[in-house]
Amino acid sequence: MAFLASRINRIKPSPSSMAGQRARELRATGRDIVALTSGEPDFDTPDHVIEAVIAAMRASRTKYTDVGGTPELKAAVRQKFQRENGLDYRASEIIVGTGGKQVIFNALMSTVQAGDEVIVPAPYWVSYPDIVMLAGGQPVFVECPADLGFKLQPADLERAISPRTRWLMLNAPSNPSGATYSHAELLALSEVLARHPHVWVITDDMYEHILYDGKRFATIASVAPALRDRTLTVNGVSKAYAMTGWRIGYAGGPEILIKAMTKLQSQSTSNPSSISQAAAQEALSGPQAFVQERTAIFQQRRDRVVALLNACPGISCHVPEGAFYAFPSCRGILGKKAPTGAVINSDNDFVLYLLEENFAVLQGAAYGMSPYFRISYAAAMDVIEEGCARLKRACERLA
Ligand SMILES: Cc1ncc(COP(=O)(O)O)c(C=O)c1O
């Protein structure tokens, strides 16, 4: 009898952490690898957050807290939702967890049963399908092609809905494509959802602030208030505030769901780290100007990386509207031969070939769309330029 539970065989380790580990292993053997695989800002957590945490530790805010977050942090989250999204959630409609990932995990584990379906637009963040499958559900993928901006189309959403659909997962700006939805586009999706009251929405707004070209962020519960009572609005401090390691995410949603998620959390991790909560409280309620300054830096890198990618033979890159990833197509590479004679038949083959050329990126297959790859520009400009130079040389060496 196998010792491991079958549920563990339904999922795979996160490809981005595996790629990061592979790059570190190769470096340890002396190889000079440029890795553009990172899913986190290369900036530091701001000083005022660090100072607030030191003060919190000195004030003994080092004990267990309420499972779903301290009243002070919930108040800061509530104000954030009001100030930035025009959403009014009561404290009982808010949960704080150990990262946005735990919040999404709590939501799906609290609601998805065997055979239930969750609509996942592709390309998608790698964890959605695995968490759905861990919960016993079935991800239903809807391809969102590059020529439609990698965005879910209302007619495709309508077709994907079945009586077993529980959730639609929305994520904008998207990891990996950088796609984002305008107010009008969300309204069009909400009109489909209005016809299917059994379908709830998780909107993963983790990259809300990393949005370019002066675009305004919109989230579905404020665009379509009629959906508020079946929407979970997920956000966190990881990306906007460069606080990935602190592990704080949060969500606003209907009380019945938040209660269930909090119950699940009470029997798994209990409260998120007390001092990380103090950090998140300061991030959300302290000075905000640096967020825009950092986004301006990401935008310069986005412009440079897209230009460099489109100068590589066989590569074509759609312009991302937000987040810090580009998701270029490598269709023009397929069928070509590497100097070793190996033929590149897929994005997987291409990424392995690039690793031989000392450049690490992630295959689109991991994000549910081939033949693409994800390149992170959460790195200094000279690292981005060196990586793209290696990519160009590697493409030019194919026959
Ligand atoms: C789209 C998306 N959602 C959620 C997360 C999880 O963020 P965290 O758990 O650090 O809050 C990530 C992190 O990579 C992400 O890319």
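Here goes a summary of the coordinates provided. Source: prediction; values computed, not measured.

Taken together, the buried positions of helix α13 (residues 347-356) are Asp347, Phe350, Val351, Tyr353, Leu354 and Leu355. Residue asparagine 358 follows α13 closely and has a positive phi angle near 70 degrees.

The next point concerns unusual backbone geometry. Here alanine 172 and proline 173 are connected by a cis peptide whose omega angle stands at -15 degrees. When you line up the elements, proline 173 lands in the loop between β5 (165-171) and α8 (183-194). Phi at aspartate 213 takes a positive value of approximately 55 degrees, unusual for a residue other than glycine. Here aspartate 213 lies in the loop between β6 (200-204) and α9 (220-223).

Let us now look at the environment of methionine 133. Relative to the assigned elements, methionine 133 resides in helix α6 (residues 127-134). Expressed as a C-alpha distance, the spacing of methionine 133 and isoleucine 161, which sit 28 residues apart in the sequence, is 18 Å. Methionine 133 has contacts with Arg10 and Pro139, leaving out every residue within four places of it along the chain.

Given 3.6 residues to a turn, an α-helix orients residues that are three or four positions apart in the same direction. Compared with the 22 Å implied by 1.5 Å per residue over 16 residues, the 22 Å span of helix α14 (residues 381-396) between its first and last C-alpha is a close match. Taken together, the buried positions of α14 are occupied by Ile384, Gly387, Cys388, Arg390, Leu391, Ala394 and Cys395. Buried residues in α14, looked at end-on, bunch into an arc of 155 degrees, giving them a common side. In the core, the buried residues of α14 are packed alongside β1 (34-35), α12 (289-310), α13, β10 (359-360) and β12 (373-376).

Procedures and definitions
Residues numbered from 1 in each chain as written. Predicted model: local features only at pLDDT ≥ 70, side-chain atom pairs only at ≥ 80, totals over all residues. Heavy atoms only, no water. Buried < 20%, exposed > 50% of the residue type's maximum accessible area, 1.4 Å probe, protein only. Helix = DSSP H or I, 4+ residues; strand = E, 2+ residues; numbered from the N terminus. Contact = heavy atoms within 4.5 Å. Expected span 1.5 Å × (residues − 1). Arc of directions from axis to C-beta.

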